[in-house]
Amino acid sequence: MPSLLEEIETLKNRVSASHLPKSIQEKADGQIERLTRLSGRDYTLEADTTIRWIDWITALPWENRAPSSLDLTRARQILDRNHYGLDDVKQRILEYLAVMKLRLTPSNNQSGEAGSRFAGQLIAKSDHARAPILLLVGLVGTGKTTLAYSIAQSLNRPIIRIPFGGMGSARDLRGQSRLHPESEPGQIIKGLKQAGVKNPIMLLDELDRVSDEARHDIMGVLVELLDPEQNKAFLDHYLDVPVDLSEVVFIATANNTNNIATAVMDRLEPISMPSYTDDQKIVIAKDYLLPKAREEAGIPAEALVFDDDAWHLIVRPLGYDAGIRTLQRTIQHLSRQAAMSIVSGQGQGQPLHITKDNFKHYMGEW
């Protein structure tokens, strides 16, 4: 184990190489100076706490950015490749990306020659302008989370998912003071560290599902987090220094908006996710879910086949379902059965053939 003096030298080098903002650099230097005064003694709890704090400060991407680019034609291709239908939703997302592109380029005059000159560029302006924050609202399984990942792919930025389902304290977002034992930063700072850049996508997933006891406090943190005038100096209680989140692109999801505070909704632009019809589910099952399930199960395409007249029974085994999650699990289950048939030799080289007469045999009694 290195001595405290050796640890101090390592911390000095790390702080010098981290390109910290001036005020934070001065605070880090002050903390190292305090450590130096403790160097004549063995490690103490105070020394360990200070070292952990400096480890966090120097691990954050203060200046590192993802080189973003945005081509609306490519974005449309990504949306069409990853999602069937949802034409109105896709149009809203493309409009959102277009606004982001215009507001994050150096000039607001994008017509004619200037527009061509700035095409394909995405450069952050100093005034932190951005497109409105999207809130994808819809029932379970309608594609909210996967749409957020497609937007991140379109922007060529890393995406960090922060789950709000069951979140029981605002400390989960904002962290806890270093005065408390075992304290640590909140999920916002952890996500920033994980992304490694200061301009990632942050997916605030299931905003409506926080615990009732903590709802008021969590919504208060969200107001600060989503407000461009406040989030450029976001304060995590563990770090106790302002962190600039103005270049983070926030996307939120919810099953409904009833449990989201009005002040938070004022900072969001809701997009309603429609339910899927049976005909849409059949296309999704054939073109999206089945190829992916075959790949995950390691089986060739010819190992699992379906009669066309069986699909309308498969997509609705329990009655109406707005999303496709049950359908996805069903196809994955059938793909695993086909894999077992191949490995065990029970199928004698024949495909697992699903028909309207035998589908319940393979799916089980619902």
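Described in the following lines is the structure provided in the data block. Only a predicted model underlies this, so the values are computations on that prediction, with no experimental measurement involved.

## A short note on the overall build of the chain
1) Next: On a plain count of helices and strands, the chain comes out with 15 helices and 9 strands.
2) Next: Residue pairs in contact within the chain that sit at least 24 positions apart in sequence constitute 76% of those at least 6 positions apart.
3) Next: On the chain, roughly 18,300 Å² of surface is accessible, and the fraction owed to carbon and sulfur atoms is 49%.

## Looking at the pairing of strand E1 (residues 133-137)
1) Next: A large share of E1 lies buried, amounting to 5 of its 5 residues.
2) Next: Covered by surrounding structure in E1 are Ile-133, Leu-135 and Val-137 together with Leu-134 and Leu-136, the residues of both alternating faces.
3) Next: As paired elements, E1 and strand E6 (residues 249-254) share 4 bridges and run parallel to each other. Note on E6: the bridge partner recorded for Leu-136 is Thr-253.

## Looking at the sheet that holds strand E2 (residues 159-163)
1) Next: What the 5 strands build is an open sheet, ordered E2-E3-E6-E1-E7; its pairing is parallel. Two strands bound the open sheet, and with one partner strand each, they are E2 and strand E7 (268-272). With strand direction ignored, the average angle separating the axes of adjacent strands in the sheet is 25°.
2) Next: Direction of pairing for E1 relative to E7: parallel, over a ladder of 5 bridges. Within E7, the position partnered with Val-137 by the bridge is Ser-272.
3) Next: In this fold helix H5 (residues 87-103) packs onto E1, E6 and E7, with an angle of close to 155° to the strand it touches most, E7.

## Examining empty space enclosed by the protein
Left-over empty space is what a probe sized like a water molecule reveals as it rolls over the atoms.
1) Next: One pass over the structure, following the stated rule, counts 1 cavity of 30 Å³ or more.
2) Next: Here the largest cavity defines a volume of roughly 40 Å³.
3) Next: In this structure, the largest cavity is lined by Leu-289, Lys-292, Ala-293, Glu-296, Gln-328, Ile-331 and Gln-332.
4) Next: Where the lining of the largest cavity is concerned, the elements lending two or more residues are helix H12 (278-297) and helix H14 (325-344).
5) Next: The dominant element in the lining of the largest cavity, judged by the number of residues it contributes, is H12, at 4 residues.
6) Next: For the lining of the largest cavity, a count of residues per class yields 3 nonpolar, 2 polar and 2 charged.

## Some points on the nonpolar core
Side chains of a nonpolar character, in soluble globular proteins, are inclined to be buried together.
1) Next: Ranked by size, the top nonpolar core spans 55 residues in total, and within it Phe-164, Leu-204, Ile-218, Leu-222 and Leu-239 carry the most contacts.
2) Next: The element that contributes the greatest number of residues to this core is helix H10 (residues 215-226), accounting for 7 residues.
3) Next: Each residue touching Leu-222, except ones within four places of it in the same chain, is listed here: Phe-164, Leu-204, Leu-207 and Val-264.
4) Next: Of all hydrophobic cores here, the second largest spans 49 residues; its members include Ile-284, Ile-324, Ala-338 and Phe-359.

## Re the pattern of salt bridges
1) Next: With the rule as written, the count across this model stands at 18 salt bridges.
2) Next: Taking the shortest distance from any N to any O, the salt bridge between Arg-14 and Asp-55 comes out at 2.2 Å. With Arg-14 in helix H1 (residues 4-17) and Asp-55 in helix H3 (residues 45-59), this pair connects stretches of sequence that are 41 residues apart.
3) Next: Note on Arg-14: relative accessible area 30%, which makes it partly exposed.
4) Next: For Asp-55, a relative accessible area of 31% corresponds to the partly exposed category.
5) Next: Residue Glu-247 pairs with Arg-65 through a salt bridge whose shortest N-O separation is 2.7 Å. Highlighted residues: Glu-247 in the loop between strand E5 (242-243) and E6 and Arg-65 in the loop between H3 and helix H4 (72-82), separated in sequence by 182 residues.
6) Next: Take Glu-247: its relative accessible area is 15%, and that puts it in the buried class.
7) Next: Connected through shared salt-bridge partners, Glu-63, Arg-65, Lys-198, Asp-244 and Glu-247 make up one network.

Conventions used here
Residues numbered from 1 in each chain as written. Predicted model: local features only at pLDDT ≥ 70, side-chain atom pairs only at ≥ 80, totals over all residues. Heavy atoms only, no water. Helix = DSSP H or I, 4+ residues; strand = E, 2+ residues; numbered from the N terminus. Contact = heavy atoms within 4.5 Å. Areas by Shrake-Rupley, 256 points an atom, 1.4 Å probe, with all protein chains shown as cover. Buried < 20%, exposed > 50% of the residue type's maximum accessible area, 1.4 Å probe, protein only. Pairing = 2+ DSSP bridges. Axes fitted to C-alpha atoms, helices over the stretch in contact; angles between N-to-C directions. 1 Å grid on protein atoms, 1.4 Å probe; cavity = no way out; pocket = protein on both sides within 12 Å on 5 of 7 lines; lining within 4 Å. Points joined across faces, edges and corners; volume = space filled by probe spheres on them. Nonpolar A, V, L, I, M, F, W, Y, C, P; charged D, E, K, R; others polar. Core = buried A, V, L, I, M, F, W, Y, C linked by side-chain atoms within 4.5 Å. Salt bridge = Lys/Arg side-chain N within 4 Å of Asp/Glu carboxyl O.

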